[in-house]
Amino acid sequence: MTKLEDVDQNDMFKTITPLESAVGFLVAEETYDLLTFREQLIVDLLCAGYTHAEIGNVFNVSQPSISSSVRRLRFKLADGKLQMILEARQMMREGRSGSAF
């Protein structure tokens with residue numbers, strides 16, 4: 001998995017999306033749709049610069065609860081990215097056209 005630390009920050013053609021910045025690794029925006037509505041709100045707040053404690057206050061839950069949610073959604077996003085890559089590779093092997101992204 002590519003991490004943000006591995007991206008050349010001086011590469012003028014590479015931009016890091018707010019989603020990538022919030023979850024800590026490169027991820028297609030389409031995988032955002034794999035998240036529940038609550039997880040999407042958490043990601044949106046992370047992208048807006050909220051801390052885990054501030055997000056906890058928004059949802060009236062503890063900071064550790066939000067931190068746990070963020071860990072789970074990172075795994076979900078990573079799994080979604082992997083699934084998209086595998087589906088695209090399978091389509092290429094089968095000679096199908098179309099975009100998986």
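Bear in mind that the values here come from a model prediction, so they are computed numbers and not experimental data.

Caption draft 1: Layout of the overall build of the chain. Scanning the chain for helices and strands turns up four helices and zero strands. In the chain, the order of α-helices and β-strands from amino to carboxyl end is α-α-α-α. Residue burial in the chain is summarised as follows: out of 101 residues, 30% are buried. Sequence separation of at least 24 residues holds for 45% of the intrachain contacts in the chain that already meet a minimum separation of 6. In the structure as shown, the chain presents an accessible area of about 6800 Å², 54% of it carried by carbon and sulfur atoms.

Caption draft 2: Representation of the packing of aromatic side chains in the model. Inspection of every chain in the model, using the stated rule, returns zero aromatic pairs. Over the ring of Phe59 we find Arg38; its NZ or CZ atom is 5.0 Å from the centre of that ring.

Caption draft 3: Structural context of the packing of helix 2 (residues 37-47) against helix 3 (residues 52-59). The geometry of helix 2 relative to helix 3 is characterised by a closest axis approach of 10 Å and an angle of 135° between their N-to-C directions. Of the possible angle classes, the one that applies to helix 2 and helix 3 is oblique. Between helix 2 and helix 3 the crossing geometry is right-handed. Residues Arg38, Leu41, Ile42, Leu45 and Leu46 of helix 2 pack against His52, Ile55, Val58 and Phe59 of helix 3. Looking at the contact of helix 2 with helix 3, its residues break down into seven nonpolar, one polar and one charged.

Caption draft 4: Spatial organisation of the side chain of Gln40. Within the secondary structure, Gln40 is located in helix 2. Aside from chain neighbours lying at most four places away, what touches Gln40 is Tyr32, Asp33 and Leu35.

Caption draft 5: Representation of helix 2 in the model. The complete set of buried residues in helix 2 reads Glu39, Gln40, Ile42, Val43, Leu45 and Leu46. Where helix 2 terminates, the next one or two residues include Gly49, which has phi positive at roughly 95°.

Caption draft 6: Region of interest: the pattern of salt bridges. For the coordinates displayed, the defined rule picks out one salt bridge. Notably, a salt bridge pairs Lys76 with Glu39, separated by 2.9 Å at the nearest N-O pair. Taken together, the positions of Lys76 in helix 4 (residues 63-94) and Glu39 in helix 2 put the pair 37 residues apart, joining distant regions of the chain.

Caption draft 7: Up close: the confidence of the model for the chain. On average, residues of the chain score 76 in pLDDT, and 66% of them are at 70 or above. Element-level pLDDT for the chain is lowest in helix 1 (residues 18-23), with a mean of 71, against a maximum mean of 95 in helix 3.

Caption draft 8: Broad picture of the environment of Ala22. As for its position among the elements, Ala22 is in helix 1. Sequence separation of Ala22 and Arg74 is 52 residues, and the distance between their C-alpha atoms is 9.5 Å. When near neighbours in sequence (up to four residues on either side) are disregarded, Ala22 contacts Val43, Leu46, Cys47 and Arg74.

About the thresholds
- Residues numbered from 1 in each chain as written.
- Predicted model: local features only at pLDDT ≥ 70, side-chain atom pairs only at ≥ 80, totals over all residues.
- Heavy atoms only, no water.
- Helix = DSSP H or I, 4+ residues; strand = E, 2+ residues; numbered from the N terminus.
- Buried < 20%, exposed > 50% of the residue type's maximum accessible area, 1.4 Å probe, protein only.
- Contact = heavy atoms within 4.5 Å.
- Areas by Shrake-Rupley, 256 points an atom, 1.4 Å probe, with all protein chains shown as cover.
- Phe/Tyr/Trp six-rings, centres within 6.5 Å; stacked < 30°, edge-to-face > 60°.
- Lys NZ or Arg CZ within 6 Å of the ring centre and 35° of its normal.
- Axes fitted to C-alpha atoms, helices over the stretch in contact; angles between N-to-C directions.
- Parallel < 35°, antiparallel > 145°, perpendicular 65-115°, else oblique.
- Left-handed = near helix turned anticlockwise from the far one by under 90°.
- Nonpolar A, V, L, I, M, F, W, Y, C, P; charged D, E, K, R; others polar.
- Salt bridge = Lys/Arg side-chain N within 4 Å of Asp/Glu carboxyl O.
- pLDDT = per-residue confidence, 0-100.

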